[in-house]
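Below are the chains, spelled out letter by letter.
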Amino acid sequence: MVVVVHLKPEWYDKLLEDARPQSKVEACLKSAYAPPPNDPEGEYVLRCDDYTISLLAALADIACPAAIPALSKAYREAKRA
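Rules used throughout
Residues numbered from 1 in each chain as written. Predicted model: local features only at pLDDT ≥ 70, side-chain atom pairs only at ≥ 80, totals over all residues. Heavy atoms only, no water. Phe/Tyr/Trp six-rings, centres within 6.5 Å; stacked < 30°, edge-to-face > 60°. Helix = DSSP H or I, 4+ residues; strand = E, 2+ residues; numbered from the N terminus. Disulfide = S-S within 2.5 Å. Buried < 20%, exposed > 50% of the residue type's maximum accessible area, 1.4 Å probe, protein only.

S.K.: How should I be thinking about the packing of aromatic side chains in this particular structure?
M.R.: Centre distance and the angle of the planes are the two values used to describe a pair of aromatic rings. Within this structure, the stated rule accounts for one aromatic pair. The interplanar angle of 5 degrees and the centroid separation of 3.7 Å between the aromatic rings of Tyr12 and Tyr44 together place this pair among those described as stacked. Taken together, the residues Tyr12 in helix 1 (residues 9–18) and Tyr44 in strand 2 (residues 44–49) connect sequence positions 32 residues apart.

S.K.: Please clarify how the state of the cysteines should be interpreted in this entry.
M.R.: Here a disulfide denotes one covalent bond, and it connects the sulfur atoms of two cysteines. A full pass over the atoms with the stated rule returns one disulfide. At a sulfur-sulfur separation of 1.3 Å, the disulfide partner of Cys28 is Cys48. The S-S bond linking Cys28 to Cys48 shows a torsion near 65 degrees; that makes this disulfide right-handed. Within this pair, whereas Cys28 is found in helix 2 (residues 24–30), its partner Cys48 is found in strand 2, the two being separated by 20 residues in sequence. For the pair Cys28 and Cys48, a shared accessibility class is recorded, and that class is buried.

This is the structure in structure tokens:
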């Protein structure tokens, strides 16, 4: 299952900063589509498998709890599709 997540830039930065080097989570974050530079409201868009999203949620629990609702919503939507 592919899960598409939209993350605010500040969430993305916190998660990437705390992601373990060369991990699946870091690879997922680094493969994200970045928002346009002239769009201050833009979000990062990640496409990851359901296992990687669960790892990302575990990281967010410590590094960026504000991102957890976005991760949960994306997972629920992917599961319904």
